[in-house]
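# Coordinate inspection notes
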Amino acid sequence: MNFSEIAENRQSCRAYCSDRMVEQEKLDRILETARLAPSACNGQPYRVTVCRGDAAKKVALATQGMGLNKFAQDAPILLVISEQPYVATAALGAKLKGNDYRSIDIGILAAYITAEATAQGIASCILGWLDDARIREICGLDNAVRLVITLGYAKDDDPLRTKKRKALDVLVNECQ
Ligand SMILES: Cc1cc2nc3c(=O)[nH]c(=O)nc-3n(C[C@H](O)[C@H](O)[C@H](O)COP(=O)(O)O)c2cc1C
């Protein structure tokens, strides 16, 4: 798949085969690609915690509430993305320019993870609805949890949906 094909094929999966594990080599590939993500001042101000088994079930529960994210319970792997401190230059830039580089970096990381997952035939969903304190406790993390990403095989009856996106002329404008 080239990148356009990956973008066309990636979608948020909310129906996983609970009994089909992600092969270790595919997970390794996803994590290796995540490692290549760019970040402000190359600071990489994040950590990826791989949760399987009991930990995955507990983290899945901590993403649920108000009817949201019930499907996370069936995903065999959950990646917990937590913050790490800024490197000094990025901290200075963020302060002087009032720009939240760490959130941007974590977003790019998530994009790399979900794109490589798609390339490997693995379904994913980025979850931002989560209980930070509870997930920190489960995973023994000291810093804020910002995202959880579910990984697994999609159920057969989970077709590729038509993308609903802003029209290009709404998304893009020109300035000369
Ligand atoms: C930062 C972020 C947080 C998200 N949180 C959730 C979530 O908690 N639960 C969920 O089902 N989807 C969540 N999503 C998925 C979005 O709803 C989804 O990406 C969007 O509707 C576009 O659909 P698609 O991913 O299928 O193309 C999140 C996506 C992002 C980028």
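Note: the structure precedes this text.
The present account deals with the structure reproduced in this document. (Residues numbered from 1 in each chain as written. Predicted model: local features only at pLDDT ≥ 70, side-chain atom pairs only at ≥ 80, totals over all residues. Heavy atoms only, no water.)

### As for helix H2 (residues 24-35)
Owing to its 3.6 residues per turn, the α-helix brings residues three or four apart onto one side. Look at H2: 16 Å from first C-alpha to last across twelve residues, which is about the 16 Å you get at 1.5 Å a residue. Among all positions of H2, only Leu27, Ile30, Thr33 and Ala34 are buried. Along the axis of H2, the buried positions cluster into a sector of 125°, meaning they face one direction only. Opposite its buried face, H2 presents the exposed residues Glu25 and Arg35, each directed more than 90 degrees away. Each element contacted by the buried residues of H2 is listed here: strand E1 (46-51), strand E2 (77-83), helix H5 (101-119) and strand E4 (145-152). (Helix = DSSP H or I, 4+ residues; strand = E, 2+ residues; numbered from the N terminus. Expected span 1.5 Å × (residues − 1). Buried < 20%, exposed > 50% of the residue type's maximum accessible area, 1.4 Å probe, protein only. Arc of directions from axis to C-beta. Contact = heavy atoms within 4.5 Å.)

### Looking at the pattern of salt bridges
Applying the stated criterion across every chain, the model contains five salt bridges. Here Arg102 and Glu83 are joined by a salt bridge, their closest N and O atoms 3.6 Å apart. A residue pair is termed long-range when its members are at least 10 positions apart, and Arg102 in helix H5 and Glu83 in strand E2 qualify at 19 residues. Exposure class is identical for Arg102 and Glu83. Each is buried. (Salt bridge = Lys/Arg side-chain N within 4 Å of Asp/Glu carboxyl O.)

### Thoughts on the layout of surface pockets
Gaps left between atoms are located by rolling a probe of water-molecule size over the structure's atoms. The space that makes up the largest pocket amounts to roughly 250 Å³. In terms of lining residues, the largest pocket is bounded by 16 residues, among which Asn9, Gln11, Ile122, Ala123 and Ala154 are the most central. For the lining of the largest pocket, the per-class residue count stands at seven nonpolar, five polar and four charged. (1 Å grid on protein atoms, 1.4 Å probe; cavity = no way out; pocket = protein on both sides within 12 Å on 5 of 7 lines; lining within 4 Å. Points joined across faces, edges and corners; volume = space filled by probe spheres on them. Nonpolar A, V, L, I, M, F, W, Y, C, P; charged D, E, K, R; others polar.)

### Notes on the pairing of E2
Counting buried residues in E2 gives seven out of seven residues, a clear majority hidden from the surface. Here E2 shows a buried face lined by Ile77, Leu79, Ile81 and Glu83 and a second buried face lined by Leu78, Val80 and Ser82. As defined by bridge partners, E1 adjoins E2 across six bridges and the pair is classed as antiparallel. Its bridge partner being in E2, Cys51 is matched across the sheet by Leu78. The pairing of E2 with E4 spans six bridges and is antiparallel. Paired with Ile81 across the bridge in E4 is Leu147. (Pairing = 2+ DSSP bridges.)

### Considering unusual backbone geometry
Of note in this structure, Asn42 is not a glycine but carries a positive phi near 55°. As for its position among the elements, Asn42 is in the loop between H2 and E1. For Asn42, a relative accessible area of 51% corresponds to the exposed category. One non-glycine residue with positive phi stands out, namely Asn69, at about 65°. Its location among the elements puts Asn69 in the loop between helix H3 (53-61) and E2. Judged by its relative accessible area of 10%, Asn69 falls in the buried class.

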